[in-house]
Every structure is written in structure tokens, then in C-alpha cells.
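Below are the chains, spelled out letter by letter.
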Amino acid sequence: MYLTVNGKIYDNLIENMTMQDLLDYLKLPANKIAIERNREIVSKSSFNTAILNDGDIIEIIHFIGGG
Amino acid sequence: MKNYIKSDDTLKLGSYEFNSRLIIGTGKYIDYKQNSDALDASGAEMVTVAVRRVNVSNPNKPMLVDFIDPKKTIYLPNTAGCFTGEDAVRTLRLAKEAGGWNLVKLEVLSDPKHLYPDMEETLRAADLLIKDGFEVMVYCSDDPVFAKKLETMGCVAIMPLGAPIGSGLGVQNKVNIRLIVEQSKVPVIVDAGVGTASDATIAMELGCDGVLMNTAIADAKNPIRMALAMKHAVIAGRESYLAGRMPMKKYADPSSPLAGLI
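All figures in this text were calculated on a predicted structure; none of them were measured in a lab.

**Here's the deal with the overall build of chain A**
Now for step 1: If you tally the helices and strands in chain A, you get 1 helix and 5 strands.
Now for step 2: Each helix and strand of chain A, ordered N terminal to C terminal, gives the series β-β-α-β-β-β.
Now for step 3: Along the longest, intermediate and shortest principal axes, the C-alpha atoms of chain A span 40 × 25 × 20 Å.
Now for step 4: Considering only contacts within chain A whose residues lie at least 6 apart along the sequence, 49% involve residues at least 24 apart.
Now for step 5: For chain A, the accessible area works out to roughly 3,400 Å², and carbon and sulfur atoms hold 48% of it.
Now for step 6: When the 6 basic and 9 acidic side-chain charges of chain A are each reduced to a single mean position, those positions are 9 Å apart.

Laid out in C-alpha cells, this is it:
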């Protein structure tokens, strides 16, 4: 399976990954980020159940310094 | 005019209430530690933050939330970098999911040379965000006509620029800021342009309800000290405004009575 995460292509990922699996793979803490899949927000409560599909476009954001 | 007394002179922004009238940014600091120390010195209770992609190649990069606790300090997510209403809505929906705040700072910028707000697109974006349930604090030009339109639409705070973002030139158009203050029933916050403590005091003496600044603190030689200066400057300006200044006179007026001289 392949995904685009923050503009970067990840291929050879295992099938039926959940959103939480992806976060674990990327070593990102779920409580400090928010995720959009194909322009739809994925709620934190569904990270463990949301199954990723081939070709999904994922955006993972967090807060950084700004004015 | 409301009859303020100091003890309950709080700043109400949408459904939030603050004791401090200073809001500071989190950009341009040497690191997040310095930012956090400046925040402590400033007494601010809310910080502006930007929403950006996580660096997926380096998950160990320091994160803002590890230095400024969002449980203790309210994050005001901005839309810097958005050029359309749709981008702004998308960004702030994600921000809400990440942190849960409903209070947001809308800024739709235009030319990087002056970073003036694109008011046509700002009005459109404000409408979309308000319909989406956000409490919108809006960065805008110091134009009383646009300010009124934004207030009528339902923005919870009007935030005219004092001078271009990051310029440190101080409040350039006191007449317009005063006009906006006089006509507004929602808080008016000078956002951008403050360079030094006296600029913040001037904004508050004009009757503004608060000041938002980033570069004035972050780019000071000693940001922590400047943060403290800004805390006092905002309080001084507020108290001065509430106290009501003495009238200006053309000639001297002795403070010691002339009667009874020996």
C-alpha cells in the first residue's frame, strides 16, 4: 500500500493499517497533532479504527510558533 | 461608556475572559524555551500560533506544546499563509481538532512586502468561519468602514494593524484607531506594528482593549526584559485611558498655589 503523507510518498506499507499504526510508524504523538485524510478531518477518537486505503492523501499538522 | 473599576476590568473575547490585555506571538524567538520565558514575563494568557505540517522525517524536533502548555495558556491559532477563505476554514478546522479552541485569529495577507490584509478576502473568510461556528478575531486594515462591516458580520474582536507586521513603527494612524475604538462595541486590539513599550501604551491610551505583538518582544535584544516592559506598558496605557488624561493647555499652570506667599 502507498500513502502520501505531508507531500511525501510512502510505499510498501502493510495493508489495512489504521491511522494509529501510521502514527506509530512515523513516531508521532497522537495528542499533539491533527490529521486530515483526503481533505476530511479524522477525529482522534477514530485513530484506532480508521483503516487507511491505497493512495490516501494524509496531512498531519501541529502548532508551531507564529504571530 | 462603561464605568470600569480595576478589579473587574477584564477583557472579554467571545466566550473567553482574560485579566491580561496583552497577547503575544510565538514566532521569531531563538527557541521555544526563550518564548516560554518571555510569556511568563509578559503575563499574557493567550498566544498566537501557526498551523503547519509536522516534520515527518524528524519526529524528535521540539514541539511548541512541550514548552507552552495549552492547558495553561490559550492558543489562538492563526491563518497566516492562507490566501483564500476556504484555506482559512480548512486550517482552523484542523487547529480545532488539534487543540479544541473555538477562538481564532483570521488573517488573510496579500503582498509579502507590506503584508497588508486582503480585506475583500478577509470579509469572505470571516463569513465562512462565523457560519462554521468559530469566534473570529480579525486582523484588518485600520479602516473604520471595513472594521464596522466585520463587527456587523459577528467578529468577536477587531484587530487593526498599527503599522506593517514586523515593522516596529508604532501606531501610524492614531485618528483611524481612535475612530475604530469609538464606533466598536466589540473589543479592538491593535495587532502588528508595535516596536517598543511606549507604542503599546499609546495604543491603549487611544482606548484599545488590548495589544497583540510578536516581533517587538522576540526581536528585542533581551526579549524577556521587553516582555516585562510590555506587560507594564499595556497596564499603564489602560489605566491612563480609564483615568482620563488632563486637558492640554497652552501655558504653564503652577502646581503650588501662588496665594499666601511670604
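**Examining the interface of chain A and chain B**
Now for step 1: Taken together, the contacts link 28 residues of chain A with 32 residues of chain B.
Now for step 2: Taken over both partners, the interface formed by chain A and chain B buries close to 2,700 Å², and the fraction arising from carbon and sulfur atoms is 61%.
Now for step 3: Of all residues in chain A, His-62, Phe-63 and Gly-67 of chain A give up the largest surface area on contact with chain B, accounting jointly for 27% of the area buried on that side.
Now for step 4: Taken together, the connections running from chain A to chain B amount to 3 salt bridges.
Now for step 5: Note that Glu-36 of chain A is salt-bridged to Arg-90 of chain B, the shortest N-O span being 2.5 Å.

**Brief notes about the state of the cysteines**
All names here are of chain B.
Now for step 1: Summed over the entire model, instances satisfying the criterion amount to 0 disulfides over all chains.
Now for step 2: This cysteine, Cys-155, is not joined by any disulfide, and Cys-140 carries the nearest cysteine sulfur, 8.3 Å off.
Now for step 3: Classification of Cys-155 as buried rests on a relative accessible area of 2%.

**Quick word on unusual backbone geometry**
Residues and elements named next belong to chain B.
Now for step 1: Positive phi values are uncommon outside glycine, yet Lys-28 reaches one of about 70°.
Now for step 2: Since its relative accessible area comes to 49%, Lys-28 is described here as partly exposed.
Now for step 3: The backbone of Leu-115 sits at a positive phi, close to 50°, despite the residue not being glycine.
Now for step 4: Among the secondary structure elements, Leu-115 is positioned in the loop between strand S6 (103-106) and helix H3 (119-131).
Now for step 5: The exposure class assigned to Leu-115 is partly exposed, which follows from its relative accessible area of 25%.

**Brief notes about the pattern of salt bridges**
Residue and element names in this part refer to chain B.
Now for step 1: All told, the structure shown has 17 salt bridges over all chains when counted by the stated rule.
Now for step 2: With a shortest N-O distance of 2.9 Å, Lys-249 and Asp-253 are connected by a salt bridge.
Now for step 3: Its relative accessible area of 49% is what places Asp-253 among the partly exposed residues.
Now for step 4: A single network of salt bridges, built from pairs that share partners, joins Asp-9, Arg-21 and Arg-238.

**Remarks on the side chain of Glu-135 of chain B**
All names here are of chain B.
Now for step 1: Position of Glu-135 among the secondary structure elements: in strand S7 (residues 135-140).
Now for step 2: With no salt bridge to any partner, buried Glu-135 finds its closest opposite charge in Lys-96, at an N-O distance of 9.2 Å.
Now for step 3: If sequence neighbours within four positions are ignored, Glu-135 has contacts with Gly-14, Ser-15, Tyr-16, Asn-102, Leu-103, Val-104 and Val-156.

**Section: the packing of helix H1 (residues 32-42) of chain B against helix H8 (residues 223-243) of chain B**
Residues and elements named next belong to chain B.
Now for step 1: In contact at an axis separation of 7 Å, H1 and H8 are set at 25° when each is read in the N-to-C sense. Taken together, H1 and H8 sit at an angle that is classed as roughly parallel. In this structure, the crossing between H1 and H8 has a hand that is right-handed. Contacts between H1 and H8 involve Gln-34, Asp-37, Ala-38, Ala-41 and Ser-42 from the former and Pro-223, Ile-224, Ala-227, Leu-228 and Lys-231 from the latter.
Now for step 2: Here the contact of H1 with H8 is built from residues that sort into 6 nonpolar, 2 polar and 2 charged.

**With respect to the nonpolar core**
Now for step 1: Core analysis: the biggest nonpolar cluster contains 102 residues, and Ile-60 of chain A together with Leu-13, Met-137 and Met-230 of chain B have the highest contact counts within it.
Now for step 2: Broken down by element, this core gets its largest block of residues, 6 residues, from helix H2 (residues 85-99) of chain B.

**Overview of the sheet that holds strand S8 (residues 157-160) of chain B**
Residues and elements named next belong to chain B.
Now for step 1: Spatial strand order, S6-S7-S8: 3 strands in an open sheet with parallel pairing. Unpaired on one side and paired on the other, S6 and S8 mark the two borders of the sheet. Sheet twist, expressed as the average angle between the axes of neighbouring strands with direction ignored, equals 20°.
Now for step 2: Pairing of S6 with S7 involves 4 bridges; the strand directions are parallel. Considered in S7, the bridge of Val-104 is made with Val-136.

**Quick look at the layout of surface pockets**
The gaps left among the atoms become clear once a water-sized probe is rolled over them.
Residues and elements named next belong to chain B.
Now for step 1: In this structure, the second largest pocket spans a volume of roughly 350 Å³.
Now for step 2: Counting only elements with at least two residues in the lining of the second largest pocket, the list comes to strand S10 (210-213) and helix H7 (215-218).
Now for step 3: For the lining of the second largest pocket, the residue count by class is 10 nonpolar, 8 polar and 4 charged.

Quick notes on the rules
- Residues numbered from 1 in each chain as written.
- Chains lettered and ligands numbered in written order.
- Predicted model: local features only at pLDDT ≥ 70, side-chain atom pairs only at ≥ 80, totals over all residues.
- Heavy atoms only, no water.
- Helix = DSSP H or I, 4+ residues; strand = E, 2+ residues; numbered from the N terminus.
- Contact = heavy atoms within 4.5 Å.
- Areas by Shrake-Rupley, 256 points an atom, 1.4 Å probe, with all protein chains shown as cover.
- Lys, Arg positive; Asp, Glu negative; His and termini not counted.
- Charge placed at Lys NZ, Arg CZ, Asp CG, Glu CD.
- Buried area = accessible area lost by both parts, 1.4 Å probe.
- Salt bridge = Lys/Arg side-chain N within 4 Å of Asp/Glu carboxyl O.
- Disulfide = S-S within 2.5 Å.
- Buried < 20%, exposed > 50% of the residue type's maximum accessible area, 1.4 Å probe, protein only.
- Axes fitted to C-alpha atoms, helices over the stretch in contact; angles between N-to-C directions.
- Parallel < 35°, antiparallel > 145°, perpendicular 65-115°, else oblique.
- Left-handed = near helix turned anticlockwise from the far one by under 90°.
- Nonpolar A, V, L, I, M, F, W, Y, C, P; charged D, E, K, R; others polar.
- Core = buried A, V, L, I, M, F, W, Y, C linked by side-chain atoms within 4.5 Å.
- Pairing = 2+ DSSP bridges.
- 1 Å grid on protein atoms, 1.4 Å probe; cavity = no way out; pocket = protein on both sides within 12 Å on 5 of 7 lines; lining within 4 Å.
- Points joined across faces, edges and corners; volume = space filled by probe spheres on them.

By themselves, these observations are geometric and do not establish any function.
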